[in-house]
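These are the residues of each chain, in order.
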Amino acid sequence: MRKAALSLFSLVLSGVVATLSWGGVAWAQKPPVVVELFTAQGCSSCGKANQVAADLAKQDGVLALTYAVDYWDYLGWKDTFAKPVFAERQRAYAKKFALRDVPTPQMVVAGRVQASGTKAEAVEDLVKTAARARLNPPDMQFIGAARVAVGSGPAPRGGGEVWLVRYDPREQDIAIKRGDNKGQTLVHRNVVRELVRLGPWAGKPKLYRLPAANDADLVTVVLVQGAKGGRILGVLQSAGEAKR
């Protein structure tokens, strides 16, 4: 049984087995541009950024993810989606970009560059530039519902990391009852509900175990990126969910 499992893993990593037969969408030729919005329901300028992210989510070749941060909660409205781990991810980016402060709303494009989430044209330009960048993504495959295989590839300086992201693809409108946005209804799209670091990646084939999904409506994404807020190198999204 163990020999069969190892043989199967080898086939997946070498690309011999067809991608879709494993129930995954690997974007083997070119991954989508991942755009990460860090936002908060208590932030007065975040409503516009949320709409920018919602519009980006409709574009082909773009994977827009919305992370709600919790450090605005002290203003009187507790964000309904925020988790400390999302703010930790944003702080890692801020350190990587050598920013003095953690800005809100903030868009991070492909883990490479960042801009204010309210500046739609600037973000669009960054997305177009990122889409033209040369990439050499590792092969990636889901193996059943509990594991993901990441193949070999050039490891970034400082090493890489593999992350699990689960997000809700549905548009959600949240009525804000307190704080700076009191009386407003904010649109949310592709809200991240779960973020887990699966482990390091050093450029060699490796198998990672996935935590069980608690919500069947969430889309599962695996990201390979440079350590501590580095550039995103590979993207794998669960089958049938590349665009809803």
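Relevant structure appears above.
These numbers were taken from a predicted model, which means no experiment stands behind them.

A tally of regular secondary structure across the chain gives four helices and 14 strands. Here the chain, with 244 residues, has 49% of them falling under the buried criterion. A fraction of 69% describes how many contacts in the chain between residues 6 or more apart in sequence connect residues 24 or more apart. Here the chain has roughly 12000 Å² of accessible surface; of this, 51% comes from carbon and sulfur atoms.

Tracing the backbone through its elements, the reader meets N190 in the loop between β10 (185-188) and β11 (191-201). When its relative accessible area of 6% is taken as the criterion, N190 is described as buried. Polar contacts involving the side chain of N190 include one to the main-chain carbonyl oxygen of A64, which spans 2.7 Å. In this structure, N190 is in contact with A57, A64, L65, T66, Y167, D168, P169 and R170, ignoring residues within four places of it in sequence.

Now for helix α2 (residues 46-56). Listing the buried residues of α2 in full gives C46, A49, N50, V52, A53, A54 and L56. Buried residues belonging to α2 abut β2 (33-39), β3 (62-68), β4 (106-109), α4 (120-132) and β10.

Turning next to α4. Here α4 is 13 residues long and its end C-alpha atoms lie 19 Å apart, about the 18 Å a rise of 1.5 Å per residue gives. When α4 is considered as a whole, its buried residues turn out to be V123, V127 and A130. The buried residues of α4 all sit within an arc of 65° when viewed along its axis, so they share a single face. When the buried face of α4 is taken as reference, the exposed residues oriented beyond 90 degrees from it are E121 and R132. Buried-residue contacts for α4 involve β2, α2, β3, β4 and β5 (113-116).

What follows deals with the nonpolar core. Core analysis: the biggest nonpolar cluster contains 23 residues, and L65, Y67, V165, V221 and L223 have the highest contact counts within it. Secondary structure elements with two or more residues in this core: β2, β3, α3 (84-96), β8 (160-168), β11, β13 (219-226) and β14 (232-238). Residues within four places of V221 in sequence aside, it is in contact with L63, W163, L164, V165, Y167, V235, L236 and Q237. Listed in part, the 17 residues of the second largest apolar core include V33, L56, V62 and A110.

Attention now goes to the packing of aromatic side chains. Within the structure shown, the criterion is met by four aromatic pairs. Judged by centre distance (6.0 Å) and plane angle (10°), the ring pair of Y93 and F97 falls under stacked. Pairwise contacts between aromatic rings join F38, Y67, F86, Y93 and F97 into one cluster. Looking at R89, its charged tip hangs above the ring of W163, at a distance of 5.3 Å from the centre.

Before going further, it helps to spend a moment on unusual backbone geometry. The step from T104 to P105 runs through a cis peptide bond, and the omega angle for that step is -5°. Following the sequence through the fold, P105 ends up in the loop between α3 and β4. Not every positive phi belongs to a glycine, and A110 is a case in point at roughly 60°. Tracing the backbone through its elements, the reader meets A110 in the loop between β4 and β5. Of note, the phi angle at N190 is positive, near 55°, even though the residue is not glycine.

Backbone-to-backbone hydrogen bonds pair the strands of a sheet. The strands run either parallel or antiparallel. Reading across from one edge, β6-β7-β12 is the order of the three strands in this open sheet, with antiparallel pairing throughout. In this open sheet, the two strands that pair with only one neighbour each are β6 (140-143) and β12 (206-209). Neighbour-to-neighbour, the strand axes of the sheet open up by a mean angle of 25°, direction not taken into account. Looking at chain direction, strand β7 (residues 147-150) and β12 are connected through four bridges and run antiparallel. Within β12, the position partnered with A149 by the bridge is L207.

Parameters and conventions
Residues numbered from 1 in each chain as written. Predicted model: local features only at pLDDT ≥ 70, side-chain atom pairs only at ≥ 80, totals over all residues. Heavy atoms only, no water. Helix = DSSP H or I, 4+ residues; strand = E, 2+ residues; numbered from the N terminus. Buried < 20%, exposed > 50% of the residue type's maximum accessible area, 1.4 Å probe, protein only. Contact = heavy atoms within 4.5 Å. Areas by Shrake-Rupley, 256 points an atom, 1.4 Å probe, with all protein chains shown as cover. Polar contact = N/O pair within 3.5 Å; in protein donor to acceptor, adjacent residues only side chain to side chain. Expected span 1.5 Å × (residues − 1). Arc of directions from axis to C-beta. Core = buried A, V, L, I, M, F, W, Y, C linked by side-chain atoms within 4.5 Å. Phe/Tyr/Trp six-rings, centres within 6.5 Å; stacked < 30°, edge-to-face > 60°. Lys NZ or Arg CZ within 6 Å of the ring centre and 35° of its normal. Pairing = 2+ DSSP bridges. Axes fitted to C-alpha atoms, helices over the stretch in contact; angles between N-to-C directions.

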